[in-house]
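# Architecture and fold: a report
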Amino acid sequence: MTEQERNVMEENVRAVRSKIAYAAQQVGRAPEDITLVAATKMNDAERVRAALACGIDAAGENRVQELLEKYDAHAYDGKPLHFIGTLQTNKVKYLIGKVELIQSVSSVRLGQVIAKEAAKCGVRQDILLEVNIGGEESKSGLAPDEVDDAVRVLAAEPTVCVRGLMAIPPVADTKGKNIGYFRAMHQLFIDIAAKKYDNTDISVLSMGMSGDYEDAIACGATMVRVGSAIFGARHYM
Ligand SMILES: *Cc1c(COP(=O)(O)O)cnc(C)c1O
């Protein structure tokens, strides 16, 4: 990385932080109540390390293989690591002991596999349940009306702790387009938290990406996952 690339990244993080603070204050919330997760996919260990050093709260990876490579390269040292991508049950074992939070638990079965693998390692794994709030065929995640049952079933697993909900709404081509989905997610989050199921600690609502994190915060997000606004546009090969 060049010095200039580092400066750009630092400036990007500063800008994101200041927009987070503004969005939070607009709705009477404290900026430090919002966790900023850098969505690090397709950025190498050096770039991830540089971004995390600019004052980001956690790293979020999408692919297990990519995570393991960067983990070995010490990309995430000193910061919590989250998994935010599609997760196959046979890959769960590689994440246990490395990630603080698995955000993308898209089915009860996946949650149960995580519980089993965590038990083998003698740890308790924090998870978020992913909700397919847009009802999109192409996306995984629980339907909103499946969430309550899923929390109840997973609350019975002593080696996982459901910490809240995560959503990836449809791609928004115009500003403000996802506000309806964000509001629906917040209501779902409030309803689930109010049930106070044993062995759960529902306090995280992860929603909002580069294009819409300010709207998500206005609607009650406690955690945002920001990629391109920090790293620049991704170059898919
Ligand atoms: C890539 C990604 C993000 C961040 O997307 P940007 O639009 O680049 O901010 C957030 N969440 C998930 C699950 C992602 O895969």
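The structure under discussion appears in the preceding block.
Scope of this entry: the structure provided in the associated data block. Chains are numbered independently. Their residues run from 1 in the order of the written sequence. Reporting of local features is limited, given that this is a predicted model, to residues whose pLDDT is at least 70; pairs of side-chain atoms are given and counted only at 80 or more, and all residues count toward the totals for whole chains, interfaces and linings. Side-chain calculation: all heavy atoms of the structure are included, whereas hydrogens and water are not.

### So, the site of the ligand
Put simply, the rule is: Near is defined per residue: the residue qualifies when any heavy atom it owns lies within 4 Å of the molecule or strand. Two N or O atoms form a polar contact when they lie within 3.5 Å of each other; inside protein one atom must be a possible hydrogen donor and the other a possible acceptor, and for residues adjacent in sequence the pair counts only when both atoms belong to side chains. Throughout this entry, Asp, Glu, Lys and Arg are counted as charged residues, while Ala, Val, Leu, Ile, Met, Phe, Trp, Tyr, Cys and Pro are counted as nonpolar. The remaining residues, Gly among them, count as polar.
In the vicinity of the ligand, the contacting residues are Ala-39, Lys-41, Asn-62, Ile-84, Ile-168, Met-209, Ser-210, Arg-225, Val-226, Gly-227, Ser-228 and Arg-234. Contact distances for the ligand include 2.7 Å between an oxygen atom and a side-chain N or O atom of Asn-62. A distance of 2.8 Å separates an oxygen atom of the ligand from a polar backbone atom of Gly-227. Residue composition of the shell around the ligand, by class: five nonpolar, four polar and three charged.

### Section: the packing of aromatic side chains
Spelled out, the test is: Two rings from Phe, Tyr or Trp (for Trp, the six-membered ring) form a pair when their centres are within 6.5 Å of each other. A pair whose planes differ by under 30 degrees is stacked, one over 60 is edge-to-face, and the rest are tilted. Charge-over-ring contacts are defined here by two conditions on Lys NZ or Arg CZ: a distance within 6 Å of the ring centre and an angle within 35 degrees of the ring normal.
The tally for this structure, following the rule as stated, stands at zero aromatic pairs. Stacked on the ring of Tyr-71, the Lys or Arg Lys-98 has its end atom at 5.4 Å from the ring centre.

### Quick notes on helix H7 (residues 179-195)
Quick reminder of the rule: A run of H or I in DSSP becomes a helix once it reaches four residues, and a run of E becomes a strand once it reaches two; helices and strands are each numbered from the N terminus. Given the number of residues in a helix, its expected span is that number minus one, multiplied by 1.5 Å. Each residue is placed in one exposure class: buried if its accessible area under a 1.4 Å probe, protein chains only, is under 20% of its type's maximum, exposed if it is over 50%, and partly exposed if it falls in between. Taking the helix axis as origin, the arc is that swept by the directions to the C-beta atoms. The contact criterion used is simple: two residues touch if any of their non-hydrogen atoms lie within 4.5 Å.
Taking 1.5 Å of rise per residue, 17 residues should cover 24 Å, and H7 covers 25 Å from first to last C-alpha, within 8% of that figure. Listing the buried residues of H7 in full gives Phe-182, Met-185, Leu-188, Phe-189 and Ile-192. The buried residues of H7 occupy one face: seen down the axis, they fall within an arc of 125°. Seen from the buried face of H7, the exposed residues on the opposite side, beyond 90 degrees, are Arg-183 and Ala-194. Buried positions along H7 lie against strand S5 (125-131), helix H6 (147-155), strand S6 (160-167), strand S7 (204-206) and helix H8 (213-218). Backbone geometry just downstream of H7 places Lys-196 in the positive-phi region, at approximately 50°.

### Some remarks on the environment of Ser-203
Mapped onto the secondary structure, Ser-203 falls in the loop between H7 and S7. The spatial distance from the C-alpha of Ser-203 to the C-alpha of Ala-193 is 7.3 Å, given a sequence separation of ten residues. Contacts of Ser-203, omitting those with residues within four sequence positions, involve Arg-163, Phe-189 and Thr-222.

### Here's the deal with the pairing of strand S8 (residues 223-226)
In plain terms, the rule: Pairing between two strands requires that DSSP report at least two bridges joining them.
Of the two faces of S8, the one holding Met-223 and Arg-225 and the one holding Val-224 and Val-226 are both buried throughout. Two strands pair when backbone bridges link them, and strand S1 (residues 35-39) and S8 are joined in this way by four bridges, in the parallel orientation. From the neighbouring strand, Thr-35 faces S8, where its bridge partner is Met-223.

### Some remarks on unusual backbone geometry
Phi angles above zero are rare outside glycine, and Met-42 is one such case at about 70°. Tracing the backbone shows Met-42 in the loop between S1 and helix H2 (45-53). Of the residues examined, Met-42 reaches a relative accessible area of 36% and is grouped as partly exposed. The residue Lys-196 is not glycine, and still its phi comes out positive at about 50°. We classify Lys-196 as exposed; its relative accessible area is 68%.

### Considering the packing of H6 against H7
Convention followed: The axes used here are C-alpha line fits, helices contributing only the stretch in contact, and every angle between their N-to-C directions lies in the interval 0 to 180 degrees. Take the far helix as your reference; a near helix turned counterclockwise from it by less than a right angle gives a left-handed crossing, and one turned clockwise gives a right-handed crossing.
The geometry of H6 relative to H7 is characterised by a closest axis approach of 11 Å and an angle of 35° between their N-to-C directions. Crossing geometry of H6 relative to H7 is assigned as right-handed. Judged by residue contacts, Val-147, Asp-148 and Val-151 of H6 engage Leu-188, Ile-192 and Lys-195 from H7.

### Some words on the nonpolar core
Rule in force here: The definition of a nonpolar core used throughout is a set of buried Ala, Val, Leu, Ile, Met, Phe, Trp, Tyr and Cys residues joined through side-chain atoms within 4.5 Å.
In this structure, Leu-129 and Ile-230 are the most contacted members of the largest nonpolar core, which totals 67 residues. Other than its neighbours up to four places away in sequence, Leu-129 contacts Gln-103, Val-105, Leu-142, Val-147, Ala-150, Val-151, Leu-154, Val-162, Gly-164, Leu-165 and Met-166. Among the nonpolar cores identified, the runner-up in size contains seven residues, and Leu-101, Met-166, Val-204 and Met-223 belong to it.

Keep in mind that these numbers describe shape and distance, not what the molecule does.
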